[in-house]
Amino acid sequence: MVARSSTRIARAVVCNQEGYAARIFDGARTEGIITGYTLVRKGTVAALGSSMDLAEALEFSLYARRLRAAWPEFFAAVTATLESPIGISESDAAALRQASDSDALALLLRKLRQRVFLGTLLRDLTGRADLLEVCAAMTRLAEVAISETVAAHHRWLAETHGNPIGAESGSDQTLIVVGMGKLGGGELNASSDVDLVFVYPEAGTTDGSKPLANQEFFERLGRRVIATLNEVTAEGFVFRVDMRLRPYGDAGPLCSSFVALETYLIAQGRTWERYAWLKARALTGEQGEALERLIEPFVFRKYLDYDAYGGLRDVHRQIRGQGRRRDYASNIKLGPGGIREIEFIAQALQLVRGGREPALRPRGTLPALAALAARGLLPSAAVAELGDAYVFLRNVEHRLQYRDDAQTHELPADAESRSALARACGFADGETFVVALGRQRDAVDRHFDALFGDADDEEEDAFAALCRDPVDNALHGTLLEDAGFADPPVLLAQLTRVRNSARYMQLPPASRRRFDALLPQLLRVAGQTGQPQEVFVRLLVLLETISGRSAYLALLVEHPPVLPRLAHLLSASAWAAEYLTRHPILLDELLDSGALLTEPGWQDWRAELATQLAGHDGDPERQIDALRHFQQAQTFRLLVQDLDGRLSIERLADHLSALADIVLEATLKQSWAQLQGKGAPPPKFAIVGYGKLGGKELGYASDLDLVFLYDDLDEAAPQRYARLAQRFNTAVTSMTGAGRLYETDLRLRPDGASGLLVSSLTAFRNYQREHAWTWEHQALTRARFVAGDAAVGAAFEVEREIILRLPRELAKLRTDVMTMRQRMYAAHPNRSKLFDLKHDRGGMVDIEFAVQFLILAHAHAERELTRNVGNIALLGTCAQLGLVPSRLASAAAEAYREYRRLQHQVRLQGAREARVEADAQTPRREAVAALWDAVFGSAWTEGPAEIG
């Protein structure tokens with residue numbers, strides 16, 4: 001949940017469909033860019049300080065005074081409407097469309113611009129409008145002016161040359177005007193220029209009597225559009241037009257086809273251009289979505305793009321260098337602590353993470369800050385300060401431009417003008433204003449510098465020298481021994497092997513520099529753990545594994561605090577080291593220790609997964625990977641909390657089981673949508689979990705015992721649901737570039753591996769009542785509905801209870817259970833001197849079989865035994881019912897709890913078998929043997945030796 005201090009930003013960003021701002025937009029293309037947040041009229045976006053009256057506003061604005069003098073009736077008409085936002089009506093747009101020629105269109109546009117600008121200026125200065133309204137009004141003006149100008153000039157050109165036709169598609173072509181910068185972000189300032197790029201879909205020729213190549217047609221159209229908007233006449237201008245962001249800048253063609261644009265971005269695009277195209281938005285044309293798909297891979301990488309840090313740091317240094325120039329000190333946009341620095345902070349994080357997280361792609365600055373705050377990628381206090389500063393600086397910017405309709409960001413040098421600006425900003429005098437402005441800029445400056453630490457090389461220390469030349473000598477041996485490394489010669493040999501390996505030699509220069517920089521840091525953090533050499537080896541294996549992915553190296557280099565967390569994690573668990581090495585994308589999770597150590601909410605999981613899948617709607621492969629990334633990330637977070645001692649074994653198992661339920665449910669929905677289409681009615685199909693999943697005792701590496709059921713009388717249902725089960729199982733178990741979700745075991749279905757993959761509810765019922773073995777009813781004690789149709793799941797739960805409560809002949813039941821126990825023991829021989837916590841006599845399986853026997857023997861009379869609440873709780877229930885002595889039940893329950901804890905610890909160290917020293921477990925084994933004897937009436941008749 002976003003902290004309260006940062007919600008001011010979200011509140012301030014923009015409005016929902018209620019209120020005056022929606023009327024300003026009037027259904028414009030800006031919908032979705034700065035909408036979706038609740039506007040608070042007197043919140044962060046409100047005008048600065050106290051407002052002026054109309055006379056004071058006119059005294060401040062030279063531009064408004066000139067308009068009043070030149071056109072007093074026009075001025076009076078505008079001031080008569082100041083109580084409502086200055087919008088653009090359909091009649092305004094219709095008048096533009098009826099213009100007879102270019103001159104008439106230019107005049108109408110300039111009159112419209114005067115009305116919108118003057119009205120918005122006066123509403124702002126008199127406290128009637130806030131920053132949102134100003135940006136919305138100017139953005140809407142630009143959108144209408146550009147779209148109507150393009151449409152008119154296209155129509156007039158086509159009268160002579162015909163319409164452009166695509167050579168490949170044969171369809172009509174239209175010019176796509178791309179709004180960049182603040183126009184693209186829906187946050188245009190009062191007297192802004194507009195940054196535009198002209199694009200068209202494909203080459204071809206026009207279909208008129210005087211044909212032109214599409215390129216020539218759109219070049220002519222573009223020049224006419226620019227002239228109509230940009231030229232200064234007696235009525236002023238509409239917008240200053242800047243075309244320098246197009247491919248190759250001023251040296252490039254005025255228009256680009258999709259192919260030409262894509263070729264340029266792939267071959268020539270630089271980091272600063274990714275930064276520029278992040279806000280790009282199609283304002284005209286019918287293929288804006290196709291253009292977005294073309295641009296997206298350039299702006300947003302598929303995975304976390306820590307490689308971008310190098311280029312972003314270069315941009316950072318350029319901005320910082322420019323801001324430090326004396327002639328920029330008074331520039332509130334480009335100077336230190338200025339508007340551009342706030343925009344860069346938001347956009348830099350968007351570039352790095354937006355490929356993985358579509359929710360981080362809002363174009364506007366305030367929505368972007370709100371998204372980053374919601375994701376926890378910026379501290380809430382930082383987001384609050386940056387949002388407040390952004391609103392403050394943008395309001396100051398507007399007042400600078402209201403003065404004389406000039407595109408300026410320079411604070412006035414003379415005292416009189418600065419005092420007038422201070423009053424327009426709601427301050428009593430210039431000195432108070434300067435102090436407040438300085439406080440806001442200092443905050444921005446601080447956060448801007450904190451975003452990227454300087455990457456200057458530090459003086460080489462002893463560890464760095466050792467890693468650069470890891471020869472086995474007395475100096476290096478002493479250094480490593482003093483740092484706690486147990487076997488310096490072996491460690492030095494490992495470093496030598498790594499540096500001489502083909503993998504290292506083949507690294508690109510940038511990756512090799514990062515690799516070399518990380519080695520001494522890994523030695524240092526390993527030395528701070530309890531087992532330095534072992535931890536360093538694990539770190540080194542991880543480093544070698546990720547060395548081929550420069551983004552992961554960049555992540556570790558750019559975020560030094562991650563390394564101690566990483567070393568601590570790997571020192572605690574060999575399994576954690578192996579898991580992280582298999583899924584290095586999880587390194588990103590270490591960046592936010594707060595989120596990492598926060599116990600999850602299951603509903604939050606569902607919402608987060610739904611959001612991630614929606615971000616890849618229509619792309620099944622990306623959704624399959626998103627499911628894997630989600631499952632791995634949440635498992636990793638639980639692992640960190642587990643190793644930090646924050647979760648009991650029972651609580652951890654609850655979380656892991658719930659995670660599996662949620663992932664299986666989402667996978668089932670995706671599989672069904674792929675088979676039947678997105679709008680198909682949900683399947684009458686349920687997934688039943690057995691074993692550890694069914695009993696909510698899932699571990700990190702547990703496989704899933706699943707059974708598939710359906711309840712559908714349609715003749716095609718068996719084939720349809722068999723295909724669904726196959727697709728679902730493939731989606732869960734297949735290995736992709738993002739890994740595998742789970743291993744599954746489907747052998748517990750009716751007739752086992754030889755049976756049908758999917759059973760109808762009726763067939764399942766008949767099998768369980770007529771043909772099932774006792775061990776299958778034992779398995780049913782730990783079964784539960786986990787995903788799919790709730791009605792089918794409920795029907796299964798009813799049938800499960802009926803089966804468990806069937807009367808049984810006790811002697812046969814006892815024989816069947818004991819025989820199956822002996823078979824299991826024989827199938828898991830233990831030839832070591834260690835005690836197998838699960839399979840040996842006196843271990844976990846003995847407890848589980850005893851509980852299962854008690855359920856099957858007595859549930860017909862005691863319904864509460866059918867509750868799937870786990871073995872420990874069921875032992876307590878059996879004691880309360882008098883089925884076993886309380887003392888035995890309590891001792892066995894404690895043994896089971898301790899066995900699970902020990903099993904978990906052993907598995908965390910990567911052991912395949914959960915075996916421990918036998919002597920320490922003697923009291924617990926005796927307690928379990930006593931329970932076994934009490935339940936079954938005798939000790940084992942064959943198999944393991946007696947304890948002791």
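What counts, and where the lines are drawn
Residues numbered from 1 in each chain as written. Predicted model: local features only at pLDDT ≥ 70, side-chain atom pairs only at ≥ 80, totals over all residues. Heavy atoms only, no water. Helix = DSSP H or I, 4+ residues; strand = E, 2+ residues; numbered from the N terminus. Contact = heavy atoms within 4.5 Å. Areas by Shrake-Rupley, 256 points an atom, 1.4 Å probe, with all protein chains shown as cover. Lys, Arg positive; Asp, Glu negative; His and termini not counted. Charge placed at Lys NZ, Arg CZ, Asp CG, Glu CD. Buried < 20%, exposed > 50% of the residue type's maximum accessible area, 1.4 Å probe, protein only. Axes fitted to C-alpha atoms, helices over the stretch in contact; angles between N-to-C directions. Parallel < 35°, antiparallel > 145°, perpendicular 65-115°, else oblique. Nonpolar A, V, L, I, M, F, W, Y, C, P; charged D, E, K, R; others polar. Pairing = 2+ DSSP bridges. Phe/Tyr/Trp six-rings, centres within 6.5 Å; stacked < 30°, edge-to-face > 60°. Lys NZ or Arg CZ within 6 Å of the ring centre and 35° of its normal. Core = buried A, V, L, I, M, F, W, Y, C linked by side-chain atoms within 4.5 Å. Polar contact = N/O pair within 3.5 Å; in protein donor to acceptor, adjacent residues only side chain to side chain. Salt bridge = Lys/Arg side-chain N within 4 Å of Asp/Glu carboxyl O. pLDDT = per-residue confidence, 0-100. Expected span 1.5 Å × (residues − 1). Right-handed = clockwise from strand over helix to strand, strands pointing away.

1. Structural notes on the overall build of the chain
Line of reasoning, step 1. From N to C terminus, the chain includes 42 helices and 14 strands.
Line of reasoning, step 2. Taken along its principal axes, the extent of the C-alpha atoms in the chain is 110 × 80 × 60 Å.
Line of reasoning, step 3. In the chain, once contacts between residues fewer than 6 apart in sequence are set aside, the share between residues at least 24 apart is 74%.
Line of reasoning, step 4. Accessible surface, the chain: about 39,900 Å² in total, of which carbon and sulfur atoms supply 51%.
Line of reasoning, step 5. Considering the chain, the positive charge centre built from 110 side chains and the negative charge centre built from 123 side chains are found 1 Å apart.

2. Some words on the side chain of serine 61
Line of reasoning, step 1. Counting through the fold element by element, serine 61 comes out in the loop between helix H3 (54-60) and helix H4 (62-70).
Line of reasoning, step 2. Residue serine 61 is classed as buried on the basis of its relative accessible area, which comes to 0%.
Line of reasoning, step 3. When neighbours within four sequence positions are excluded, serine 61 is seen to be in contact with Leu121, Tyr402 and Arg403.

3. Side note on the packing of helix H31 (residues 620-643) against helix H32 (residues 649-676)
Line of reasoning, step 1. At a closest axis distance of 11 Å, the pairing of H31 and H32 adopts a crossing angle of 175°. What the angle tells us is that H31 and H32 run roughly antiparallel. Together, Pro620, Gln623, Leu627, Phe630, Gln631, Gln634, Thr635, Leu638 and Asp642 of H31 and Leu652, His655, Leu656, Leu659, Val663, Ala666, Thr667, Gln670 and Gln674 of H32 make up the contact between the two elements.
Line of reasoning, step 2. A per-class count over the contact of H31 with H32 returns 9 nonpolar, 8 polar and 1 charged.

4. Quick look at the pairing of strand E3 (residues 194-200)
Line of reasoning, step 1. Taking burial as the measure, the 7 residues of E3 include 7 buried ones, the bulk of the element.
Line of reasoning, step 2. Along E3, one buried face is formed by Val194, Leu196, Phe198 and Tyr200 and the opposite face, lined by Asp195, Val197 and Val199, is buried too.
Line of reasoning, step 3. Sheet topology note: the strand E2 (residues 176-179)/E3 ladder contains 4 bridges and is antiparallel. Opposite valine 178, over in E3, you have valine 197 as the bridge partner.
Line of reasoning, step 4. Inspection of the sheet shows E3 paired to strand E5 (residues 241-242) by 2 bridges, in the parallel sense. Bridge pairing in E5 places aspartate 195 opposite aspartate 242.
Line of reasoning, step 5. The pairing of E3 with strand E6 (residues 255-257) spans 3 bridges and is parallel. Residue valine 199 lies in a different strand from E6, and its bridge partner there is serine 256.

5. Examining the packing of aromatic side chains
Aromatic ring pairs are reported here in terms of the distance separating the ring centres and the angle at which the planes meet.
Line of reasoning, step 1. Applying the stated criterion across every chain, the model contains 22 aromatic pairs.
Line of reasoning, step 2. Aromatic pair tryptophan 575 and tyrosine 700: ring centres 5.1 Å apart, planes at 20°, arrangement stacked. Taken together, the residues span a long stretch of sequence, with tryptophan 575 in helix H28 (residues 574-582) and tyrosine 700 in the loop between helix H33 (691-694) and strand E9 (704-710) at a distance of 125 residues.
Line of reasoning, step 3. The lysine or arginine in question, arginine 68, covers the ring of phenylalanine 75, its NZ or CZ lying 6.0 Å from the ring centre.

6. Description of the nonpolar core
Generally speaking, nonpolar side chains in soluble globular proteins are found buried as a group.
Line of reasoning, step 1. The biggest cluster of nonpolar side chains holds 124 residues, and the ones touching the most others in it are Val178, Leu196, Phe198, Trp277 and Phe433.
Line of reasoning, step 2. With 14 residues, the single largest contributor to this core is helix H8 (residues 131-161).
Line of reasoning, step 3. When near neighbours in sequence (up to four residues on either side) are disregarded, valine 178 contacts Asp195, Leu196, Val197, Val199, Trp277, Ala280, Arg281, Ala282 and Leu291.
Line of reasoning, step 4. Within the second largest apolar cluster, 91 residues are counted, among which are Leu495, Trp605, Ile662 and Ala787.

7. Describing the environment of alanine 77
Line of reasoning, step 1. Following the sequence through the fold, alanine 77 ends up in helix H5 (residues 72-79).
Line of reasoning, step 2. What makes alanine 77 partly exposed here is its relative accessible area of 45%.
Line of reasoning, step 3. Note: C-alpha distance between alanine 77 and glycine 162 (85 residues apart in sequence) is 42 Å.

8. Section: the environment of aspartate 592
Line of reasoning, step 1. Position of aspartate 592 among the secondary structure elements: in the loop between H28 and helix H29 (593-596).
Line of reasoning, step 2. With relative accessibility at 28%, the residue aspartate 592 sits in the partly exposed group.
Line of reasoning, step 3. With residues up to four places along the chain from it excluded, the contact list for aspartate 592 reads Gly376 and Arg565.

9. Description of the side chain of aspartate 130
Line of reasoning, step 1. As for its placement among the helices and strands, aspartate 130 is situated in the loop between helix H7 (102-125) and H8.
Line of reasoning, step 2. For aspartate 130, a relative accessible area of 2% corresponds to the buried category.
Line of reasoning, step 3. In terms of polar contacts, aspartate 130 uses its side chain to reach the backbone amide nitrogen of leucine 132, at 3.3 Å.

10. Remarks on the packing of helix H16 (residues 365-374) against helix H17 (residues 380-404)
Line of reasoning, step 1. Contact pair H16 / H17: the axes reach a minimum separation of 10 Å and the direction vectors enclose 175°. Relative to H17, the element H16 is oriented roughly antiparallel. The residues of H17 that touch H16, namely those facing Thr365, Leu366, Leu369 and Ala373, are Val383, Leu386, Gly387, Tyr390 and Val391.
Line of reasoning, step 2. Residue composition of the contact of H16 with H17, grouped by class: 7 nonpolar, 2 polar and no charged.

11. Some points on the pattern of salt bridges
Line of reasoning, step 1. Under the counting rule described, the total for this entry stands at 49 salt bridges.
Line of reasoning, step 2. When the shortest N-O distance is used, the salt bridge between glutamate 133 and arginine 123 registers 2.6 Å. Here glutamate 133 is found in helix H8, whereas its partner arginine 123 is found in helix H7, with 10 residues between them in sequence.
Line of reasoning, step 3. One salt bridge in this structure joins glutamate 799 and arginine 769, with 2.9 Å as the shortest N-O distance. Placement of glutamate 799 in helix H37 (residues 790-804) and of arginine 769 in helix H35 (residues 761-770) is noted, with a sequence separation of 30 residues between them.
Line of reasoning, step 4. By sharing partners, the salt bridges in this structure join Glu216, Glu219, Arg220 and Arg223 into a single network.

12. Points about unusual backbone geometry
Line of reasoning, step 1. Phi is positive for aspartate 405, close to 50°, though the residue is something other than glycine.
Line of reasoning, step 2. As for its position among the elements, aspartate 405 is in the loop between H17 and helix H18 (415-424).
Line of reasoning, step 3. Unlike most non-glycine residues, lysine 696 shows phi in positive territory, near 55°.
Line of reasoning, step 4. By the secondary structure assignment, lysine 696 is in the loop between H33 and E9.
Line of reasoning, step 5. Looking at lysine 696, the relative accessible area reads 40%, which means it is partly exposed.

13. Side note on the confidence of the model for the chain
Line of reasoning, step 1. For the chain, per-residue confidence averages 88 on the pLDDT scale, and residues scoring 70 or more make up 90% of the total.
Line of reasoning, step 2. Of the regions scoring below 50 in pLDDT, residues 454-460 engages in 5 contacts with residues more than four places distant in sequence or in other chains.
Line of reasoning, step 3. Confidence drops under a pLDDT of 50 for residues 942-948, and excluding neighbours within four residues, the segment shows 10 contacts in the predicted structure.

14. Considering helix H42 (residues 922-936)
Line of reasoning, step 1. If you check H42, its first and last C-alpha atoms are 21 Å apart, about what 15 residues at 1.5 Å a residue would give, namely 21 Å.
Line of reasoning, step 2. Taken together, the buried positions of H42 are occupied by Arg925, Ala927, Val928, Ala929, Leu931, Trp932, Val935 and Phe936.
Line of reasoning, step 3. For H42, the secondary structure elements touched by its buried residues are helix H38 (810-827), strand E13 (835-836), helix H39 (844-858), helix H40 (871-880) and helix H41 (886-908).
Line of reasoning, step 4. Phi for glycine 937, located one or two positions after H42, is positive at around 80°.

15. Considerations on H31
Line of reasoning, step 1. Taking 1.5 Å as the rise per residue, H31 with 24 residues should run 34 Å; its terminal C-alpha atoms sit 35 Å apart, in good agreement.
Line of reasoning, step 2. In terms of burial, H31 is largely enclosed, as 21 of its 24 residues are buried.

16. Side note on the pairing of E9
Side-chain direction in a regular strand flips from residue to residue, so the side chains alternate between the two faces of the sheet.
Line of reasoning, step 1. The element E9 is extensively covered by neighbouring structure, given that 7 of its 7 residues are classed as buried.
Line of reasoning, step 2. Where burial is concerned, the two faces of E9 agree: the one with Leu704, Leu706, Phe708 and Tyr710 and the one with Asp705, Val707 and Leu709 are both buried.
Line of reasoning, step 3. For E9 and strand E10 (residues 744-745), the ladder comprises 2 bridges, and the chain directions are parallel. Opposite aspartate 705, over in E10, you have aspartate 745 as the bridge partner.
Line of reasoning, step 4. Crossover handedness for the path E9 to helix H34 (residues 717-733) to E10: right-handed.
Line of reasoning, step 5. Bridge count for E9 against strand E11 (residues 758-760) is 3 bridges, and the pairing is parallel. Looking at E11, one finds that phenylalanine 708 is bridged to valine 758.

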